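Summary of structural features
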Amino acid sequence: MSDSLLSVKDLTIDYIGAEKNFRAVDQVSFDVAPGEVFGLAGESGCGKSTVAFAVSRLHIPPALIRKGSEIRLAGRDVLALDNKALRDFRWREVAMVFQSAMNSLNPVLRIEDQFHDVLATHNRCSRKEARERTAEMLKLVDIKPERMRDYPHQFSGGMRQRIVIAICMALNPKLVIMDEPTTALDVVVQREILQRIDELRRQMGFSVLFITHDLGLMVQFCDRIGVMLSGKLVEQGRSDEIFRRPQHDYTRKLWASFPSLKGGLLG
């Protein structure tokens, strides 16, 4: 895609071991267009999160990105960024909602202080400006601004999840990576949060790289989907194509793993 925001080409990542290496990602290539939601689906251990950490340059040893790999965001060579450039790149260009995101808030800091840490570090704003931005972002995720003085334990799981998402949006990143952002939530709260993310995406114009093992959830939320198996991207296409006409045998097996709502009577 010539107009892509994110371009990943031949991404290959090994985990270096004492006796042998393990190839976690094997020549994965995909693009994400501006404003698009692109999903990476697959079973646990297939390499989805490893790809996400590489895109945001959060991978650490023993993970090693091999030569020949290419990651570009808005034309910038992500793999060539030095430490100073990476500091500006993260949060401003790419923000990430981690697995079990609602547990990633610091339990001993008020919500206001956690927003301030991000805003002051990356935007050099005053406490007053950070407080105003915090109020604005909390409103966007349907949380009353006066609650910014509360601690994380005073919020429900779904509210904590929305707060983490609001922190990620605070600096208007171009790409938001969401790694299993709703796994610990019930299906009702899960749907509410995904709907809110979609509304924010339409308002603010960012792209989303959405990672989950739940292919059914992904089809409802994503424009296009890539399916990973053992570190390889075995299929990608529009969500409706992946749902109605899956081409790869593994994708068909993923769909077959969902229980039918029209089963026979028990007994």
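In this report, the structure presented in the accompanying data block is examined. (Residues numbered from 1 in each chain as written. Predicted model: local features only at pLDDT ≥ 70, side-chain atom pairs only at ≥ 80, totals over all residues. Heavy atoms only, no water.)

**Details of the pairing of strand β7 (residues 94-97)**
- By the alternation rule, side chains of β7 split into Val94 and Met96 and Ala95 and Val97, which are all buried.
- Here four bridges tie β7 to strand β8 (residues 175-179), and the two strands are oriented parallel to one another. Its bridge partner being in β8, Val94 is matched across the sheet by Leu175. (Buried < 20%, exposed > 50% of the residue type's maximum accessible area, 1.4 Å probe, protein only. Helix = DSSP H or I, 4+ residues; strand = E, 2+ residues; numbered from the N terminus. Pairing = 2+ DSSP bridges.)

**Looking at a positive patch on the surface**
- On the surface, Lys84, Arg87, Arg92 and Arg124 cluster together into a positively charged patch.
- By the element assignment, Arg92 lies in helix α2 (residues 83-92).
- Residue class for Arg92 comes out partly exposed when judged on its relative accessible area of 31%. (Patch = residues over 30% accessible without salt bridge, like charges linked within 9 Å, V, L, I, M, F, W, Y side chains within 5 Å. Areas by Shrake-Rupley, 256 points an atom, 1.4 Å probe, with all protein chains shown as cover. Salt bridge = Lys/Arg side-chain N within 4 Å of Asp/Glu carboxyl O. Lys, Arg positive; Asp, Glu negative; His and termini not counted. Charge placed at Lys NZ, Arg CZ, Asp CG, Glu CD.)

**Remarks on the nonpolar core**
- By size, the foremost hydrophobic cluster in this structure holds 50 residues, and its most contacted members are Phe115, Ile163, Ile165, Met178, Phe210, Phe221 and Ile225.
- With eight residues, helix α5 (residues 157-169) is the single largest residue contributor to this core.
- Counting 33 residues, the second-largest nonpolar core is a separate cluster that includes Val51, Ala52, Ala54 and Leu86. (Core = buried A, V, L, I, M, F, W, Y, C linked by side-chain atoms within 4.5 Å.)

**A few points about the state of the cysteines**
- Summed over the entire model, instances satisfying the criterion amount to zero disulfides.
- Between Cys125, a free cysteine, and Cys168, which holds the nearest cysteine sulfur, the sulfur-to-sulfur gap is 16 Å.
- A residue is classified by how much of its surface remains accessible, and Cys125, at 16% relative accessible area, is buried. (Disulfide = S-S within 2.5 Å.)

**Details of unusual backbone geometry**
- A cis amide bond links Pro61 with the next residue in sequence, Pro62, at an omega value of 15 degrees.
- For Pro62, the position within the fold is in the loop between α1 (48-55) and β4 (63-65).
- For Gln27, which is not a glycine, the phi torsion comes out positive at approximately 55 degrees.
- Mapped onto the elements of the fold, Gln27 is located in strand β2 (residues 22-32).
- For Gln27, a relative accessible area of 52% translates into the label exposed.
- We note that Glu180 has phi near 50 degrees; this positive angle belongs to a residue other than glycine.
- Considering the arrangement of structural elements, one finds Glu180 in the loop between β8 and α6 (187-204).
- A residue is classified by how much of its surface remains accessible, and Glu180, at 9% relative accessible area, is buried.

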